[in-house]
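Below are the chains, spelled out letter by letter.
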Amino acid sequence: MSSPLPLFERARTRVNEEALRAPEGTYCYGNLLASAAGVATALLADRADLEEARVAVLVPPGFTWLTTVLGIWRAGGMAVPLPVAAPDIELARALEDADPEAIWVDSEMIDRIVPAAAALGIAVHSTSELVPLATAYDPGAEGLFPIVPQERGALMLYTSGTTGRPKGVVHTHASLSAQVGALLEAWRWSAEDHALLVLPLHHVHGIVNVVLCAIGAGARCSILPRFDAAEVWERLATDRLTVFMAVPTIYTKLLNEYECAEEARRERWRRGAEGLRLFVSGSAALPVRVLESWEKITGHRLLERYGMTEIGMALSNPLLGTRVPGHVGTALPGMEVRVVGEDGATVPHGVPGELQVRGPALFREYWRKPDETAATFASGGWFRTGDEVAETPSGFRVLGRRSVDILKTGGEKVSALEIEEVLRGHPDVSDCAVVGVPDPVWGDRVCAAVVGTRGQAPDPGSLRTWVGERLSPWKVPREVLVVEALPANVLGKVVKPEVRRLFEGG
Ligand code: MCA
Ligand code: AMP
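Owing to the predicted nature of the structure, the values given are computational and were not obtained by experimental measurement.

Attention now goes to the nonpolar core. Within the largest apolar cluster, 96 residues are counted, with the highest numbers of intra-cluster contacts made by L20, W73 and F244. The dominant element in this core, judged by the number of residues it contributes, is helix α2 (residues 29–44), at 10 residues. Of all hydrophobic cores here, the second largest spans 20 residues; its members include V80, L82, A94 and I113.

Right under this line is the structure:
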């Protein structure tokens, strides 16, 4: 058997059933399998197995993205999906770190990647030349592909941390299978489901929770190329969807769109949304007022769950049973969880502490960072999440991050230190501090206080442009404030809560 994930086996039993409604067209499982086989054949050329070679993917959400990744898996490689919105410099850094043998890129983005790929000796392939669209599935071709061990690296996703530049999180076929298996069971996915993807495909949320679960269930997945609030409401109204998953910012934007719509449209949207079986929220804390407004309009109480790139989903409210607002539920199947105090010992029930998790869904390593990988595990294989939680009779509550330097904006994790490093590289900036300021739409609003060089006042607009040329859009400070000096303590260390106060109240 050469299938890296059970989802291939499931797909083989459903070759004539509809799998994807994507921007490129509508496809059945046979099309997916056939196209993935075509990609794998092209990747292998005259080799028997890619042996975990990295293959980067710079392709917008759709059929091509999915078949490229499935093809990489069939050939025994590790897929490295990159964010399509990232600027060239950030993409080049990711390529340098991931060290892939090739990058498969959408033809419209190819010019952006060629200089960096050429400098790094990475082969560039346009997906428009290589991904065969909608060909017929040939079961006889199965024997052409390698037998891929479950411990083989399958997916590398970049995540920000407290130590500078983003790190590659390596998941294996086994850890992805464990994640998909747990969610299929807990949220009772079935072949009758129809999910809508509006999330980017460089995170676990969109990749695993929506796309791989839908395919793993033999269900149907509709894919929008990007989030658009009115379009999502229309799809909810007309597409007979059953499952929708998003970050709290998306639910907030959907509620704002609903408020602005005329009554007849609202009525259509509301009735469509009522017909789904499950709405899930995660990746950041769900404000209770968003949960309540959503329930008032659609009749559905959002199911909030908690996860992380390194571990997949750890905690979830129940599918059936009471979902208590402000709580993220209990451990998912296969996940062990504990709460630990400063001394490393488990705290009594109800006492706040760090959430630590263990189980088959956890990542294998930070790519080429053995010390950081080791440091993130406590003895006994417990992963330190860095999140402060408390266990209550109604499930876990997430109290916040332990580090002030990790922010969440619109569901994107951002390192304040990474942005500060880029700002300090600007000739007009002598010092700076980046903070997250509570925001009703974004969760954290990324804000920067900067001190100019030699009494110069840098222009906030050009500083934002400077950051935007080097980092992804969500890392660009939405506000930049020029100050004489940063608030510091007697030891000269910047006091971030005081920096945050500079932005609060307007
Ligand atoms: C876009 N902008 C943002 C963000 N996204 N600003 C702050 N934070 C963001 N996340 C800026 C743009 O630069 C632009 O700025 C303006 O907002 C409008 O951009 P646009 O692209 O139109 O915005 P949007 O389409 O409304 O995008 C917002 C979004 C998107 C849909 C919420 O950020 C998104 O898809 N987020 C989800 C990310 C995700 O999947 N996270 C999961 C990771 P300007 O106007 O200045 O040009 S966590 C995870 O995977 C774990 C395992 C878990 O638990 O789930
Ligand atoms: P990422 O590293 O981008 O996968 O983001 C994972 C982080 O998102 C977690 O460590 C939490 O800080 C946060 N997170 C995910 N889900 C929730 C939730 N339901 N409530 C609060 N924080 C969450």
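Moving on to the packing of helix α9 (residues 229–238) against helix α10 (residues 248–260). Contact pair α9 / α10: the axes reach a minimum separation of 9 Å and the direction vectors enclose 85°. As judged from the angle between their axes, α9 and α10 are roughly perpendicular. Only K253, L254, E257 and Y258 of α10 make contact with α9, whose side of the interface consists of A229, A230, V232 and W233. A per-class count over the contact of α9 with α10 returns six nonpolar, no polar and two charged.

Here we have nine strands laid out as an open sheet, ordered β2-β1-β10-β9-β11-β12-β13-β14-β15, and mixed in their pairing. Each edge of the sheet is formed by a strand with only one pairing partner; in this case those strands are β2 (25–28) and β15 (330–331). Where strand β14 (residues 312–316) lies against β15, two bridges are found, and the strand directions are antiparallel. Bridge pairing links L315 to A331 in β15.

Taken together, 16 residues are adjacent to ligand 2, and R305, T309, D387, R401 and K408 come closest. Taking R305, its main chain carries an N or O atom lying 2.7 Å from a nitrogen atom of ligand 2. Protein chains shield 92% of the accessible area of ligand 2, which is 500 Å² for the free molecule. With five residues, the single largest contributor to the shell around ligand 2 is strand β13 (residues 303–308). A class-by-class count of the residues in the shell around ligand 2 yields six nonpolar, four polar and six charged.

The subject of this paragraph is the side chain of T249. By secondary structure assignment, the location of T249 is in helix α10. Residue classification places T249 among the buried positions, given a relative accessible area of 6%. Setting aside chain neighbours within four positions, we find T249 in contact with G410, G411, V441 and W442.

As a further point, take the site of ligand 1. The environment of ligand 1 is formed by 27 residues, the closest being K253, S283, R305, T409 and R478. Within the side chain of S283, an N or O atom sits 2.5 Å from an oxygen atom of ligand 1. Protein contact buries 76% of the 1,000 Å² of open area that ligand 1 shows by itself. Breaking the shell around ligand 1 down by element, the ones donating at least two residues are α8 (204–216), α10, β13 and β22 (406–409). Here the shell around ligand 1 is built from residues that sort into 11 nonpolar, nine polar and seven charged.

Our focus in this paragraph is the environment of A261. Looking at where A261 falls in the secondary structure, it is placed in the loop between α10 and α11 (263–274). Given the relative accessible area of 12%, A261 is considered buried. It is 56 Å that separates the C-alpha atoms of A261 and R47, two residues lying 214 residues apart in sequence. In this structure A261 touches R266 and W269, once residues within four positions along its chain are discounted.

Moving on: empty space enclosed by the protein. In this structure the tally under the stated criterion is one cavity of 30 Å³ or more. Contributing to the lining of the largest cavity are L7, F8, A11, Y29, L32, L33, L70 and I215. In terms of residue class, the lining of the largest cavity is built from eight nonpolar, no polar and no charged.

Residues other than glycine predominantly adopt negative phi, and peptide bonds predominantly adopt the trans conformation. Of note in this structure, R188 is not a glycine but carries a positive phi near 50°. Looking at where R188 falls in the secondary structure, it is placed in the loop between α7 (173–186) and β9 (194–197). The exposure class assigned to R188 is exposed, which follows from its relative accessible area of 55%. Positive phi values are uncommon outside glycine, yet R240 reaches one of about 50°. Here R240 falls in the exposed class, since its relative accessible area comes to 75%.

This paragraph deals with the layout of surface pockets. Considering only enclosed or pocket space, the second largest pocket measures out at about 410 Å³ in volume. Listed by contribution, the elements that provide at least two residues to the lining of the second largest pocket are α13 (370–375) and β20 (382–392). With four residues, β20 is the single largest residue contributor to the lining of the second largest pocket. Residue classes in the lining of the second largest pocket are distributed as five nonpolar, nine polar and eight charged.

Moving on: α8. Counted at 1.5 Å a residue, the expected span for α8 with its 13 residues is 18 Å, but the 15 Å between its end C-alpha atoms falls short. Residue G218 follows α8 closely and has a positive phi angle near 70°.

We now examine the side chain of H203. Relative to the assigned elements, H203 resides in the loop between β9 and α8. At a separation of 3.1 Å, a polar atom in the side chain of H203 contacts the side chain of H202. Dropping the residues within four chain positions of it, H203 is found in contact with L157 and E412.

Attention shifts here to the pattern of salt bridges. Enumeration over the complete set of coordinates arrives at 38 salt bridges. With its nearest N and O atoms 3.2 Å apart, the salt bridge here joins R165 to E421. Pair noted here: R165 is in the loop between β7 (153–159) and β8 (167–172) and E421 is in helix α14 (residues 416–424), with a separation of 256 residues, a long-range link. Judged by its relative accessible area of 41%, R165 falls in the partly exposed class. According to the relative accessible area criterion, E421 is partly exposed, its value standing at 38%. Note that E372 and K167 form a salt bridge whose closest N and O atoms lie 3.7 Å from each other. Placement of E372 in helix α13 and of K167 in strand β8 is noted, with a sequence separation of 205 residues between them. Overall, the relative accessible area of 27% leaves E372 in the partly exposed class. Here K167 falls in the buried class, since its relative accessible area comes to 7%. Each of the salt bridges in this network shares a partner with another, and the network as a whole consists of D405, E420, R424, D431 and K496.

About the thresholds
Residues numbered from 1 in each chain as written. Chains lettered and ligands numbered in written order. Predicted model: local features only at pLDDT ≥ 70, side-chain atom pairs only at ≥ 80, totals over all residues. Heavy atoms only, no water. Core = buried A, V, L, I, M, F, W, Y, C linked by side-chain atoms within 4.5 Å. Buried < 20%, exposed > 50% of the residue type's maximum accessible area, 1.4 Å probe, protein only. Helix = DSSP H or I, 4+ residues; strand = E, 2+ residues; numbered from the N terminus. Axes fitted to C-alpha atoms, helices over the stretch in contact; angles between N-to-C directions. Parallel < 35°, antiparallel > 145°, perpendicular 65-115°, else oblique. Contact = heavy atoms within 4.5 Å. Nonpolar A, V, L, I, M, F, W, Y, C, P; charged D, E, K, R; others polar. Pairing = 2+ DSSP bridges. Near = heavy atom within 4 Å. Polar contact = N/O pair within 3.5 Å; in protein donor to acceptor, adjacent residues only side chain to side chain. Areas by Shrake-Rupley, 256 points an atom, 1.4 Å probe, with all protein chains shown as cover. 1 Å grid on protein atoms, 1.4 Å probe; cavity = no way out; pocket = protein on both sides within 12 Å on 5 of 7 lines; lining within 4 Å. Points joined across faces, edges and corners; volume = space filled by probe spheres on them. Expected span 1.5 Å × (residues − 1). Salt bridge = Lys/Arg side-chain N within 4 Å of Asp/Glu carboxyl O.

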